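# Examining the three-dimensional arrangement
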Amino acid sequence: MPEYELHVEDREVVTPGELLAEGQVVASDGTYTEGDRVYSKVTGLADIQGRTIRVIPLAGPYRPTPGDLVVGVVREVRFSTWLVDIRAPLPATLHVSNALEEEVDLIETDLSRYLREGDVIAAVVKEVNPVQQTELSILEEDAPVRLGRLEGGRVVDIDPVKVPRVIGREGSMIRMLKRELECDIIVGANGRIYVRARKEPKSRREALAARALREIERRSHLKGLTEWLRSNLRRLARW
Amino acid sequence: MPEEEPERLISEDGLRLDGRKPDEMRPIKIRAGVLKRADGSAYVEVGANRIVAAVYGPRELHPRHKQKPDRAVVRFRYNMAPFSVDERKRPGPDRRSIEISKLSKEALEPAIFTEYYPRTAIDIFVEVLQADAGTRCAGITAASVALADAGIEMRDLVAACAAGKVDGHIVLDPMYYEDGHGEADVPLAMMPKEGEITLLQMDGDMTPEELKKAIRLAKKGCKIIYKEQRRALKRKYGEEE
């Protein structure tokens, strides 16, 4: 007598309200339970590992999670904070205490001395409270990239659910792109990607990187995408 | 539809003007993700109805005093194109479309986990390009697919379908002529997983028994639509059942 019963296969596309499993299973992201029944709450791919079941969404907004590295655009400078667009349903706040090492006299200082409207920044999501107020920081010591204002380069927005594809298995895709295009690339978990070429011709390299990222977004459902892209980079460059 | 006034809406052998049996639906077609700029979208055909739904959000809600601190606000706009009916429809919201917008919103809201998106708005737009009776139901059907296409977290899809009374017979999914010349119309929306009804109206007169029969029939129609909704979403990601 099995303790649980699965109603879908691994990697199957499921829709909201679809019954995934019954019994003693671990219901993870993208699911909800009623009694011992597990249902999907999004359109996505069922991912079954042992008795853990989750649904990987195929669409949807970016939901900030503490620890995420994001690329944001400063939208508004306020008295003691900056409002930053991180492509979440609501803008995030960056407080001076999470942005500047030194003390500043807020009465005397206009914060746009440090960051102005329109500036692009790399930041880490520090906290998300129950009403989705999101606090950013650019002072995290152990961040994977240098945080703060990003200068030069360009920004490409892709669907946030496709970010794992841009990174690739253990970072294979992003490593390949950085190497082949000789660009620095910062992939925000929010689907905003910052690209800056290390070598001339810079704008051409960056444009090619943008095209490659769009191509990843468009072909995200295909297998062996890293290899395909590596061998087609030259062709993309000619477009 | 008929050139001349037909004497009866149901023939002696029990068939309707368009040849359907009383419990038969019109052909349905649903596509998910038809608009590029919307966060989610859907196109629905039910008989000669042609409807597009678009979903935007969850996104920041202005003015701020309309925000709910603990959940998203769902806004629904039902609109008929001026060319969607025989006689030109005066553009813009009227009494009827304001009513339909309100009840469509209320039909969909129970399915959405609004508490996951505090202080935001989820905007749903339904445009009727061609009307053939039952547009409010087809609009809800389309909007629900568009919501799922936008990746918004939901308990279930919402399927909607009408039943009606024509020449004393209870029929499923009345078409334009039956709606105009019949005795009653009963639109119904439900979350088929649990069979929860989120919209039920009755325009016209029916006995309690007839109403029960109409609800049973409309529920049956919703289940057929539900299957099509799910197929449309799966088809978008290349999985044909």
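What you are looking at is a predicted structure, and each value in this text was computed from that prediction instead of being measured.

Before going further, it helps to spend a moment on the sheet that holds strand β1 (residues 4–6) of chain A. All names here are of chain A. Ordered in space as β1-β3-β6-β5, the four strands form an open sheet in which the pairing is antiparallel. Whereas interior strands pair on both sides, the edge strands pair on one side only; in this sheet they are β1 and β5 (31–34). Adjacent strand axes in the sheet meet at a mean angle of 20°, parallel and antiparallel pairs treated alike. Relative to strand β3 (residues 19–23), β1 is paired through three bridges, and the arrangement is antiparallel. In the sheet register, L6 faces β3, and the bridge partner there is A21.

What follows covers the packing of helix α1 (residues 95–108) of chain B against helix α2 (residues 135–149) of chain B. Residue and element names in this part refer to chain B. Orientation of α1 relative to α2, taken along the N-to-C sense of each, is 45°, at an axis distance of 10 Å. Between α1 and α2, the angle is such that the two are oblique. The hand of the α1/α2 crossing is right-handed. Taking contact as the criterion, the partners of I100, S104, A107 and L108 in α1 are, on α2, R136, G139, I140, A143, S144 and L147.

Take the sheet that holds strand β2 (residues 13–14) of chain A next. All names here are of chain A. Pairing is mixed in the open sheet, where four strands are placed in the order β2-β7-β8-β4. The open sheet has two edge strands, β2 and β4 (26–27), and neither has a second partner. The pairing of β2 with strand β7 (residues 44–49) spans two bridges and is antiparallel. In the strand pairing of β7, V13 is matched with L45.

The subject of this paragraph is the interface of chain B and chain A. Frequently, the measure chosen for interface size is the accessible area removed from exposure when the parts meet. If you look at the interface, chain B gives 28 residues, while chain A gives 17 residues. Those elements giving two or more residues to the side of chain B that touches chain A turn out to be β3 (49–60), α2 and α4 (208–236) of chain B. If you tally residues by element for the side of chain B that touches chain A, the top one is β3(B), at four residues. Of the residues in the side of chain B that touches chain A, the class split is 12 nonpolar, five polar and 11 charged.

Residues and elements named next belong to chain B. Closest axis-to-axis distance for the α2/α4 pair is 10 Å, and the angle between their directions is 35°. Here α2 and α4 pass one another in a crossing that is right-handed. Between α2 and α4, the contacting residues are T141, S144, V145, A148 and D149 on the first element and I225, Q229, A232 and L233 on the second. Classifying every residue of the contact of α2 with α4 by side-chain character gives five nonpolar, three polar and one charged.

Residues and elements named next belong to chain A. Structurally, the position occupied by L225 is in helix α4 (residues 225–238). We classify L225 as partly exposed; it has 18 C-beta atoms within 10 Å. It is 25 Å that separates the C-alpha atoms of L225 and V145, two residues lying 80 residues apart in sequence. Once residues lying within four places of it in the same chain are set aside, the contact partners of L225 are R165, I216 and R219.

Every other side chain in a regular strand lies on the same face of the sheet, so the side chains alternate between the two faces. All names here are of chain B. Going residue by residue along strand β1 (residues 28–32), you find I28, I30 and A32 tucked away on one face and K29 and R31 left uncovered on the opposite face. Sheet topology places β1 next to strand β2 (residues 40–46); five bridges connect them, and they run antiparallel. Bridge pairing in β2 links R31 to Y43.

Counting 84 residues, the largest nonpolar core has A53(B), I124(B), A142(B), A146(B), L147(B), V158(B) and A160(B) as the members making the most contacts within it. In terms of residue count, α2(B) provides more of this core than any other element does, nine residues in total. Among residues more than four places away in sequence, those in contact with A53(B) are S41(B), A42(B), I124(B), F125(B), V126(B), G139(B), A142(B), A143(B) and A146(B). In this structure, W82(A), V84(A), L115(A) and I138(A) belong to the second largest nonpolar core, which totals 46 residues.

This next bit is on helix α2 (residues 172–181) of chain A. Residues and elements named next belong to chain A. For α2, the full list of buried residues reads M173, L177 and L181. Each buried residue of α2 sits inside an arc of 35° when the element is viewed along its axis, so together they form one side. Where α2 is buried, its residues meet α1 (163–167), β16 (183–187), α3 (202–218) and α4. Of the residues one or two after α2, E182 is the one with positive phi, at around 50°.

All right, on to α3(A) then. Residues and elements named next belong to chain A. Here α3 is 17 residues long and its end C-alpha atoms lie 24 Å apart, about the 24 Å a rise of 1.5 Å per residue gives. For α3, every residue scored as buried is listed here: R205, E206, L208, A209, A212, L213 and I216. Considered in projection along α3, the buried side chains sweep an arc of 160° and stay on one side of the axis. Summarising the geometry of α3, the exposed residues directed more than 90 degrees from the buried face are S203, R204 and R218.

We now examine the environment of L129(B). Residues and elements named next belong to chain B. Following the sequence through the fold, L129 ends up in strand β5 (residues 120–130). L129 gets classed as partly exposed once you count the C-beta atoms within 10 Å, which come to 14. Residues L129 and G195, 66 residues apart in the sequence, show an inter-C-alpha distance of 30 Å.

Attention shifts here to the domain arrangement of chain A. Residue and element names in this part refer to chain A. We note that the domain assignment places domain 1 (4–57), domain 2 (69–150) and domain 3 (154–238) within chain A. Listed per partner, the contact involves 10 residues of domain 2 and 10 residues of domain 3. Only β9 (69–77) and β12 (120–128) provide two or more residues apiece to the side of domain 2 that touches domain 3. Sorting elements by how many residues they give to the side of domain 2 that touches domain 3 places β9 first, with three residues. Classifying every residue of the side of domain 2 that touches domain 3 by side-chain character gives nine nonpolar, no polar and one charged.

Residues and elements named next belong to chain B. For R26, the location among the structural elements is in the segment before β1. A sequence separation of 148 residues divides R26 from P174, and the C-alpha atoms of the two residues are 8.6 Å apart. Apart from the residues lying within four places of it in its own chain, the contact partners of R26 are V46, G47, D173 and M175.

Each value, and the rule that gives it
- Residues numbered from 1 in each chain as written.
- Chains lettered and ligands numbered in written order.
- Predicted model: local features only at pLDDT ≥ 70, side-chain atom pairs only at ≥ 80, totals over all residues.
- Pairing = 2+ DSSP bridges.
- Helix = DSSP H or I, 4+ residues; strand = E, 2+ residues; numbered from the N terminus.
- Axes fitted to C-alpha atoms, helices over the stretch in contact; angles between N-to-C directions.
- Parallel < 35°, antiparallel > 145°, perpendicular 65-115°, else oblique.
- Left-handed = near helix turned anticlockwise from the far one by under 90°.
- Contact = placed C-beta atoms within 7 Å.
- Nonpolar A, V, L, I, M, F, W, Y, C, P; charged D, E, K, R; others polar.
- Buried ≥ 20, exposed ≤ 12 C-beta atoms within 10 Å, placed from the backbone.
- Core = buried A, V, L, I, M, F, W, Y, C linked by C-beta atoms within 7 Å.
- Arc of directions from axis to C-beta.
- Expected span 1.5 Å × (residues − 1).
- Domains from an automatic or database assignment.

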